[in-house]
Every structure is written in structure tokens, then in C-alpha cells.
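Read off the chains here:
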Amino acid sequence: FPEQYMTYSFGRVVICSQDAVDAIHRANADENVGAVIDSTGKVIWERGVKANRTTIAGISPVVSAGQNGLQAALKMIFAYEGFDIDTSGITFENKSVSEWMEQFLKVSALELKGASLDEVLYYVYKKYPVIALPGEDKVLLITGYDQTSVELMDPLYGTSQKIEKEEAEELFEDSGNVFFTYID
């Protein structure tokens, strides 16, 4: 069965959807102020549950020759979660980023295409790094934020930078707001 996401608001179900982002958008709507629950009963997103600033500690660059950005990002996330996994053989022709996360981390992985930057910062607050695809062959990890900026790490080069939130929003919107993360 496909995964189902339920948006709850004020004690009632607002929508059931197979699309996590649709459910998140409904929970984030002004009239709803809700939470999104998956089919196992796990809360995957809540409106208003996010500090003004946070940084995920313990994400280390893992510079590996011959890897692409997604392989490097997965290696960093796996290492952050305590797994030493060689990602150089991972390909994305038959499995998605989410499927690789679920296989190795045994988590609920989320593909959040179309979510806003503000919506995905919920996961950073919860200490789950977010993979962002801001353009063709470009991969970034979102590892922190404050009221005006976002911390981004380039997994291919192991570099970090802070950019203004508005600049980050524009960067991600221009490429369709493609994000991947997970919850356990």
C-alpha cells in the first residue's frame, strides 16, 4: 500500500493524502495550524514547532574522490547517524535517495518536492539534515538556520556557508524546491 499522510487540525482530520508535501501544506495553512501523521501514527511535521535558530552538530565532511554530490551527501548523513557505509557504488537509476536512506538507516525517508524552505527547516530543528537539490548536478545539505540565514554544506567539497534566507528560498524555488530528509 502507498504511504498515507493525515493532516490533523484542532482534533479533526483535514485531509488524507499520499503526498507528504500536500499534507504539510494543508497543516501549514492559516486556517488549519496542524500536524501531519504518517500511516504508522508517527508525527512527520508540525506547524509552529521550530526554534528561531538551530545547528546540527556532528555532521562532518566526508570528501571522497569519485563520488557525486548525492553519494557524498548520503555518506555524510549515514556517518552522522553512526554508520560507516561506502556510498561510491550507490546509483539512482533503480532506487531513489529516499529508498537508499530507508535501506541503510531503517527510517521513514521523505521526498519533499515542492515544500518551502521554512517547512523543511522543521526537520533541521529536529536534528535531521536535509538534502537540497538547487540545480542540475548541485547538492547541498541544510544543517542549520537562524532568523535571517541558513547554513548550507557542500558535501562534494566539504565546505560550509551561511546565506540569507531570502537568497536560499530563491535558490531552491528556482529549481523546484527538491528536498530529501528522514525521521526515525
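Structure: see above.
Conventions we followed
- Residues numbered from 1 in each chain as written.
- Predicted model: local features only at pLDDT ≥ 70, side-chain atom pairs only at ≥ 80, totals over all residues.
- Heavy atoms only, no water.
- Pairing = 2+ DSSP bridges.
- Helix = DSSP H or I, 4+ residues; strand = E, 2+ residues; numbered from the N terminus.
- Axes fitted to C-alpha atoms, helices over the stretch in contact; angles between N-to-C directions.
- Contact = heavy atoms within 4.5 Å.
- Salt bridge = Lys/Arg side-chain N within 4 Å of Asp/Glu carboxyl O.
- Buried < 20%, exposed > 50% of the residue type's maximum accessible area, 1.4 Å probe, protein only.

Draft legend 1. Summary view of the sheet that holds strand S2 (residues 12-17). The 4 strands are arranged S2-S1-S3-S4 in an open sheet whose pairing can be described as antiparallel. Edge positions in the sheet fall to S2 and strand S4 (43-46), since each has one partner strand and no second. Between one strand axis and the next, the sheet turns by 25° as a mean value, whatever way the strands run. The strands touched by helix H1 (residues 20-28) are strand S1 (5-9), S2, strand S3 (35-38) and S4; relative to S1, the strand with the most contacts, the crossing angle is about 5°.

Draft legend 2. Representation of the pattern of salt bridges. Summed over all chains, the structure comprises 4 salt bridges. Lysine 50 is paired through a salt bridge with aspartate 118; the nearest N and O atoms lie 2.4 Å apart. Residue lysine 50 is located in the loop between S4 and strand S5 (54-55), and its partner aspartate 118 is located in helix H4 (residues 117-125); the two are separated by 68 residues in the primary sequence. The exposure class assigned to aspartate 118 is partly exposed, which follows from its relative accessible area of 40%. Note that lysine 162 and aspartate 146 form a salt bridge whose closest N and O atoms lie 3.3 Å from each other. Here lysine 162 is found in strand S10 (residues 159-164), whereas its partner aspartate 146 is found in the loop between strand S8 (138-145) and strand S9 (149-154), with 16 residues between them in sequence. The class of aspartate 146 is buried, set by a relative accessible area of 10%.

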